[in-house]
Amino acid sequence: MDLGLLKVFRAVAEEGSLSKAAQRLNYVQSNVTARMQQLEEELETPLFYRHSRGITLTAAGQTLLAYSEQIFHLCEEAVQAVKEEGHPRGALSLGAVEEMAAVRLPGILSAYQKEYRDVEVQLRVGSTAALIEDVLHYKLDGAFVKGPVRHPDLVQEDSAEDELVLVTAPDHPPVSSLGDLQMQTYIVMFSGCLYRTRLEEWLRQEGQQAFKLMELGTSEGILGCVKAGLGFTLMPRSYVEKRTRADEVALHPIPERYAGLTTLLIRRRDLYLSRAWQAFVETVHHQADEEQAGALA
């Protein structure tokens, strides 16, 4: 199969439009249309449903897109493997959940970039679900996400433990159960968030009714609302202590079964372990050892 045709196909699939794909590739639209017709004739199957809003992949098109991601990833790996020699160099694409990006990752990246200046680190911050998808689809070399993560195509490189705590306005009285928070608003980031899932499990265990929800897009925004007395939230202790002063919020312990929080560094099982990636993992481990030694000192 011609890689050029596959490149055009991937652009059309990702853009959902022949015209947008043509703009992205700097081709005329008739060229893109002709290439897609050629590819469909070669494979003897339609790859797209064409409609007034653009195009949608058929089942065959979705299968080809998945294989194309693997093919282009292998091509990039081949170039990287041939060029690599000696000191780590090239690009390293990483992802991290917001709390990790704010608390632990800056120290790791600072140490890594001081040692390996020839590596260009690209960072994407997002939710655990989105980052897992990006790793699975070869868009990221690896990502720090909230565990547990169980997928046959993923392996874990590193882990760090934290504690989820209940965060309220500073003048809130002690909280012994969710009943102490009745009529308050739970401020959450998004549907499917791990912290929200933990609260819902806690609610069911205590037989409480669901709280009113306020959804925001960032952890920083959520903390701001909590400090203003608009409600409460669940967050990692390390993140809250890093981003607030002791007099701005109150932290309340929650039952142990809901408090445990693990951050994992994941990668695809078939990822080519470049020198840049291996050096990054070594830096992560070294920073973790230093943090542990500092805690015990």
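Residues numbered from 1 in each chain as written. Predicted model: local features only at pLDDT ≥ 70, side-chain atom pairs only at ≥ 80, totals over all residues. Heavy atoms only, no water.

Participant: Account for the pattern of salt bridges, naming residues and giving values.
Facilitator: Tallied over the entire structure, the rule returns 16 salt bridges. The residue Arg24 makes a salt bridge to Glu14 at a minimum N-O spacing of 2.7 Å. One end of the pair, Arg24, is in helix 2 (residues 18-25); the other, Glu14, is in helix 1 (residues 3-15), with 10 residues separating them in the sequence. Accessibility expressed as a relative area gives 40% for Glu14, which makes it partly exposed. A salt bridge links Arg104 to Asp158; the nearest nitrogen and oxygen atoms lie 3.2 Å apart. (Salt bridge = Lys/Arg side-chain N within 4 Å of Asp/Glu carboxyl O. Helix = DSSP H or I, 4+ residues; strand = E, 2+ residues; numbered from the N terminus. Buried < 20%, exposed > 50% of the residue type's maximum accessible area, 1.4 Å probe, protein only.)

Participant: Lay out the side chain of Glu248 in plain terms, naming residues and giving numbers.
Facilitator: Relative to the helices and strands, Glu248 resides in the loop between helix 10 (237-243) and strand 10 (250-253). At a separation of 2.7 Å, a polar atom in the side chain of Glu248 contacts the main-chain amide nitrogen of Arg245. With residues up to four places along the chain from it excluded, the contact list for Glu248 reads Pro170 and Lys227. (Polar contact = N/O pair within 3.5 Å; in protein donor to acceptor, adjacent residues only side chain to side chain. Contact = heavy atoms within 4.5 Å.)

Participant: Residues and numbers for helix 8 (residues 194-206), please.
Facilitator: The end-to-end C-alpha distance of helix 8 is 19 Å, a good match for the 18 Å that 13 residues give at a rise of 1.5 Å each. Among the residues of helix 8, those classed as buried are Tyr195, Arg196, Arg198, Leu199, Trp202 and Leu203. On an axial view of helix 8, the arc spanned by its buried residues comes to 160 degrees, and they lie on one face. Positive phi appears at Gly207, one or two residues downstream of helix 8, with a value of about 70 degrees. (Expected span 1.5 Å × (residues − 1). Arc of directions from axis to C-beta.)

Participant: So what's going on with the environment of His252? Which residues, and what values?
Facilitator: One can find His252 in strand 10. When its relative accessible area of 7% is taken as the criterion, His252 is described as buried. In this structure, the C-alpha to C-alpha distance between His252 and Val175, residues 77 residues apart in sequence, is 6.5 Å. When neighbours within four sequence positions are excluded, His252 is seen to be in contact with Val165, Leu166, Thr168, His172, Pro173, Pro174 and Val175.

Participant: Quick rundown of the packing of helix 2 against helix 3 (residues 29-43)? Include the residues and the values.
Facilitator: Direction vectors running N to C along helix 2 and helix 3 enclose 110 degrees, while the axes themselves pass 8 Å from each other. Here helix 2 lies roughly perpendicular to helix 3, going by the angle between them. The crossing of helix 2 and helix 3 is right-handed. Mapping the contact onto sequence places Leu18, Ser19 and Ala22 in helix 2 and Gln29, Val32, Thr33 and Met36 in helix 3. Split into classes, the residues belonging to the contact of helix 2 with helix 3 amount to four nonpolar, three polar and no charged. (Axes fitted to C-alpha atoms, helices over the stretch in contact; angles between N-to-C directions. Parallel < 35°, antiparallel > 145°, perpendicular 65-115°, else oblique. Left-handed = near helix turned anticlockwise from the far one by under 90°. Nonpolar A, V, L, I, M, F, W, Y, C, P; charged D, E, K, R; others polar.)

Participant: Give a detailed account of the nonpolar core, specifying residues and quantitative values.
Facilitator: Counting 31 residues, the largest nonpolar core has Tyr112, Phe144, Trp277 and Phe280 as the members making the most contacts within it. Listed by contribution, the elements that provide at least two residues to this core are strand 3 (90-96), helix 5 (98-103), helix 6 (105-115), helix 7 (128-136), strand 5 (142-146), strand 11 (260-268) and helix 12 (275-296). The leading source of residues in this core is helix 12, at six residues. Residues within four places of Trp277 in sequence aside, it is in contact with Leu92, Leu94, Asp141, Gly142, Glu157, Leu265, Ile266, Arg267 and Leu271. Within the second largest apolar cluster, 21 residues are counted, among which are Val8, Leu25, Met36 and Leu47. (Core = buried A, V, L, I, M, F, W, Y, C linked by side-chain atoms within 4.5 Å.)

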